[in-house]
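Report on the structure
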Amino acid sequence: MSHSPSNSSSFEALFEPITIKSLRLPSRLVMAPMTRAMSPHGVPGANVAAYYRRRAENGVGLIVTEGTLVPHPAAGDTLNVPFFYGEEALRGWAEVVRQVHDAGGKIFPQIWHVGMSRQKDSGPNPEVPPIGPSGLDLEGNPSTEPMTEAEIAKVVQAFAAAAADAKRIGFDGVEIHGAHGYLIDQFLWEKTNRRTDRYGGDMMKRAQFAIEVIKAVRAAVGPDYPVAFRLSQWKMSDYGAKLADTPEKLGQLVSALSDAGVDLFHCSTRRFWEPEFAGSDLNLAGWVKKLTGKPVITVGSVGLDSEFTALFSEGRSAGFKDLQELLERLSRQEFDLVAVGRALLLDPEWAVKILEGRLDEIRTFTPEALQKLY
């Protein structure tokens, strides 16, 4: 690959290989999971396989798929989000894996249960009520009955079954979605978890469900298979939410998740450059790495000129944000990997254009990019 050292040498750090567990990734760039809802009846087709392959062909070291639903009737709320169960959907995913591997890439599925963010009477199983730790919606209002311990055990097994299938069909690892106000996060968050049994109370009790999911996934895939966990403070319903308002509380949580079997933390923030706590410029990923010693992925408006939520309210396209600060933080080893979301949606060649210094060729993200698979 030819490129001019003068305008690209600073970006080369993003293209150094890294090893996590037994997995060697060809670059530090990760495609962030982004729901596309383009898998009719839960089955990813040839267009989905080609979409992921294009990123693997162009410098993305690790692809984390869009959220995929674990085998539980209340896991999702639409027929077009891909399932991670059933012969047809898993056959579709096996083809995605084959295409990404053919292109020299690595890929994890993100396994997901939406919990109480699901509307009542929504598909694929409209007769099934939404479930959550305390039956509260994301505003904290009563909506359904709290989950029973038997229901909790079933969901834990659903995550384990999905992880076992991921390994069986050739994925390189698995990511558990524990962020953004979905089911696992609803247990972690005080506002949606008011339980008084062993799954509720202080931070460690609220983490019990996540710990059981991670342990069950680890048991299903064995000791050497990479397990990632996506974590966020913010929720889809509350950008200012905090699971942990001090480094000590965050340390309690992430140490427990790490001990349960997490190899890699995917730390979701809206802007990667914002400090997580006063008195330090470390972002969330930087803190989690410092507190656990585990590899971390940072994410949050990488390659965009404003955080992504503003794009929709202001109705304008995003330009290219100077990546110098990102590279400086990477060189200080504040984090190990960098996930790119919307910048990669419209331009599958974003990473290789960065490496080769072809910044003027980057196709900038616009909200219209969400309408089809580029």
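Our subject is the structure listed above.
Each value, and the rule that gives it
Residues numbered from 1 in each chain as written. Predicted model: local features only at pLDDT ≥ 70, side-chain atom pairs only at ≥ 80, totals over all residues. Heavy atoms only, no water. Axes fitted to C-alpha atoms, helices over the stretch in contact; angles between N-to-C directions. Helix = DSSP H or I, 4+ residues; strand = E, 2+ residues; numbered from the N terminus. Left-handed = near helix turned anticlockwise from the far one by under 90°. Contact = heavy atoms within 4.5 Å. Nonpolar A, V, L, I, M, F, W, Y, C, P; charged D, E, K, R; others polar. Pairing = 2+ DSSP bridges.

Quick look at the packing of helix H4 (residues 149–168) against helix H7 (residues 208–221) now. Contact geometry for H4 and H7: axes closest at 8 Å, N-to-C directions at 35 degrees. The hand of the H4/H7 crossing is right-handed. In this structure, H4 uses Ile152, Val155, Val156, Gln157, Phe159, Ala160, Ala163, Ala164 and Lys167 to contact H7, whose residues at the interface are Phe209, Glu212, Val213, Ala216, Val217, Ala220 and Val221. Tallied by class, the residues present in the contact of H4 with H7 amount to 13 nonpolar, one polar and two charged.

The sheet built from eight strands closes into a barrel, its strands ordered E3-E4-E5-E6-E7-E8-E9-E10 with parallel pairing. Shown here is a sheet whose adjacent strand axes are inclined to one another by a mean of 25 degrees, direction ignored. Taken together, the four bridges between strand E6 (residues 174–177) and strand E7 (residues 227–232) define a ladder with parallel strand orientation. Counted as the bridge partner of Ile176 is Phe229 from E7. The sheet strands contacting helix H2 (residues 46–56) are strand E3 (29–31) and strand E4 (62–69), and the helix crosses E4 at an angle near 155 degrees. In this fold H7 packs onto E6 and E7, with an angle of close to 160 degrees to the strand it touches most, E7.

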